[in-house]
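Listed here are the chains, written in short residue letters.
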Amino acid sequence: MGQCSDSNFKIFSLSSNRPLAEKIAESLGVKLGEITVSHFSDGEIKINIDESIRGGHVYVVQSTSHPVNDNLMELLIMIDALRRASAKTINVVMPYYGYARQERKAQSREPITAKLVANMIVQAGADRVLTLDLHAAQIQGFFDIPVDHLFGAPLLANYFLERPETFNDVVVVSPDHGGVTRARKLAEFLHAPLAIIDKRRPKANVAEVMNIIGNVEGKTCIVIDDMIDTAGTITLGAKALLEVGGAKEVYVCCTHAILSGPAVERLNQSVIKQVIVTDSIQLPEEKRSDKIVTVSVGQLMGEAIKRIHENKSVSPLFNKTFDNTKE
């Protein structure tokens with residue numbers, strides 16, 4: 001990939017995922033900007049931009065992952081600092097968009113927090129958002145500024161395509177009806193059939209029953225989701241694929257590895273052979289496992305940033321695979 005040689009181009013990393021920001025900067029052939037993020041004694045966030053950004057096109061890398069509120073507030077403060085320091089454009093690079101699951105009113109008197117977060121980012125002064133695999137595509141419409149929405153499916157597909165000896169008789173599985181579009185995209189990349197796990201609760205306080213729509217018997221199943229949080233649903237789904245559907249083995253992949261609470265322990269004790277995730281969220285040491293393989297979105301995000309900066313179309317990246325950096 002070509003380098004960004006424009007002297008007015010700046011890229012900064014906040015606290016949530018500096019390793020990914022470094023990969024993005026490396027793919028662009030630039031260094032991360034100088035910035036100091038600290039806290040006052042009462043916990044308030046303080047940001048100092050340690051170089052001039054006047055008239056610059058600035059890109060800020062920050063996933064609003066755990067601790068969600070700290071990372072979100074840090075981003076808002078950074079946007080305000082950039083605006084007051086006369087940045088020409090402020091571009092938010094948000095590989096993981098926190099609060100995305102609160103994108104509608106599921107019951108009375110609930111907030112739509114994903115919209116509130118979008119409002120705050122716009123009001124703070126952002127000009128554009130670049131994000132990856134939003135939980136709900138309609139969140140793009142919550143912003144009154146341009147949003148470039150990338151997809152992790154090409155990267156995840158590349159991982160499987162590079163290992164034909166392991167993944168040669170596969171079925172792509174959606175863990176629920178809502179994820180069918182995502183699963184179909186991966187199935188197209190892999191030229192594989194599609195199956196769906198149908199979950200139903202016959203009545204209150206009765207255990208959920210899982211049925212498999214599609215033929216998975218004797219096949220290698222690849223379950224795809226946008227995120228894994230506590231891993232309860234995905235591990236039960238994998239068990240159903242083996243016990244109900246007669247699958248040979250189950251692999252799982254997702255873009256956002258939130259992995260809260262008992263998630264890692266559940267994955268380690270599950271029938272899942274391997275979990276392939278991206279580095280949209282930085283995994284601390286305690287959330288790593290021999291079962292978890294990481295592919296990097298650094299080059300994908302870097303290419304998107306370069307195209308945005310050069311006023312080129314981002315859509316070719318929707319079907320492009322990359323050589324992944326693996327851990």
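Residues numbered from 1 in each chain as written. Predicted model: local features only at pLDDT ≥ 70, side-chain atom pairs only at ≥ 80, totals over all residues. Heavy atoms only, no water.

### Quick word on the packing of helix α2 (residues 68–84) against helix α3 (residues 113–124)
Axis angle and axis distance: for two packed helices, these are the angle between their axes and the distance between the axes, and together they describe the pair.
At step 1: Interhelical geometry of α2 versus α3 gives an angle of 20° and a closest axis separation of 8 Å. On the basis of their axis angle, the class for α2 and α3 is roughly parallel. Contacts from Leu 72, Leu 75, Leu 76, Ile 79, Asp 80 and Arg 83 of α2 reach α3 at Val 117, Met 120, Ile 121 and Ala 124.
At step 2: Here the residues of the contact of α2 with α3 are counted per class, giving eight nonpolar, no polar and two charged. (Axes fitted to C-alpha atoms, helices over the stretch in contact; angles between N-to-C directions. Helix = DSSP H or I, 4+ residues; strand = E, 2+ residues; numbered from the N terminus. Parallel < 35°, antiparallel > 145°, perpendicular 65-115°, else oblique. Contact = heavy atoms within 4.5 Å. Nonpolar A, V, L, I, M, F, W, Y, C, P; charged D, E, K, R; others polar.)

### Digging into the packing of aromatic side chains
Aromatic rings in a pair are described by how distant their centres are and how their planes are angled relative to each other.
At step 1: Here the structure, examined in full by the defined rule, presents seven aromatic pairs.
At step 2: Arranged with centres 5.2 Å apart and planes meeting at 35°, the rings of Phe 9 and Tyr 59 form a pair that is tilted. Here the residue Phe 9 occupies a position in strand β1 (residues 9–13), and Tyr 59 occupies one in strand β4 (residues 57–61), the gap between them amounting to 50 residues. Accessibility assignment for this pair places Phe 9 and Tyr 59 in one class, buried.
At step 3: When the ring of Phe 151 is compared with that of Phe 318, the centres are 5.3 Å apart and the planes differ by 80°; the resulting orientation is edge-to-face. In this pair, Phe 151 sits in the loop between β7 (147–150) and α4 (153–161) while Phe 318 sits in the segment after α8 (298–309), placing the two residues 167 residues apart along the sequence.
At step 4: Owing to a relative accessible area of 27%, Phe 318 belongs among the partly exposed residues under this scheme.
At step 5: Each residue in the set Tyr 159, Phe 160, Phe 167 and Tyr 251 is aromatic and connected to the rest through ring pairs, giving one cluster.
At step 6: Its end group placed over the ring of Tyr 159, Arg 163 keeps NZ or CZ at 3.9 Å from the ring centre. (Phe/Tyr/Trp six-rings, centres within 6.5 Å; stacked < 30°, edge-to-face > 60°. Buried < 20%, exposed > 50% of the residue type's maximum accessible area, 1.4 Å probe, protein only. Lys NZ or Arg CZ within 6 Å of the ring centre and 35° of its normal.)

### What to know about the pattern of salt bridges
At step 1: One pass over the full model with this rule turns up 15 salt bridges.
At step 2: Between Asp 225 and Arg 182 there is a salt bridge whose closest N-O contact spans 3.8 Å. Taken together, the positions of Asp 225 in strand β11 (residues 220–228) and Arg 182 in helix α5 (residues 180–190) put the pair 43 residues apart, joining distant regions of the chain.
At step 3: When its relative accessible area of 16% is taken as the criterion, Asp 225 is described as buried.
At step 4: Across the pair Lys 273 and Glu 249 runs a salt bridge, and its minimum N-O distance is 3.3 Å. (Salt bridge = Lys/Arg side-chain N within 4 Å of Asp/Glu carboxyl O.)

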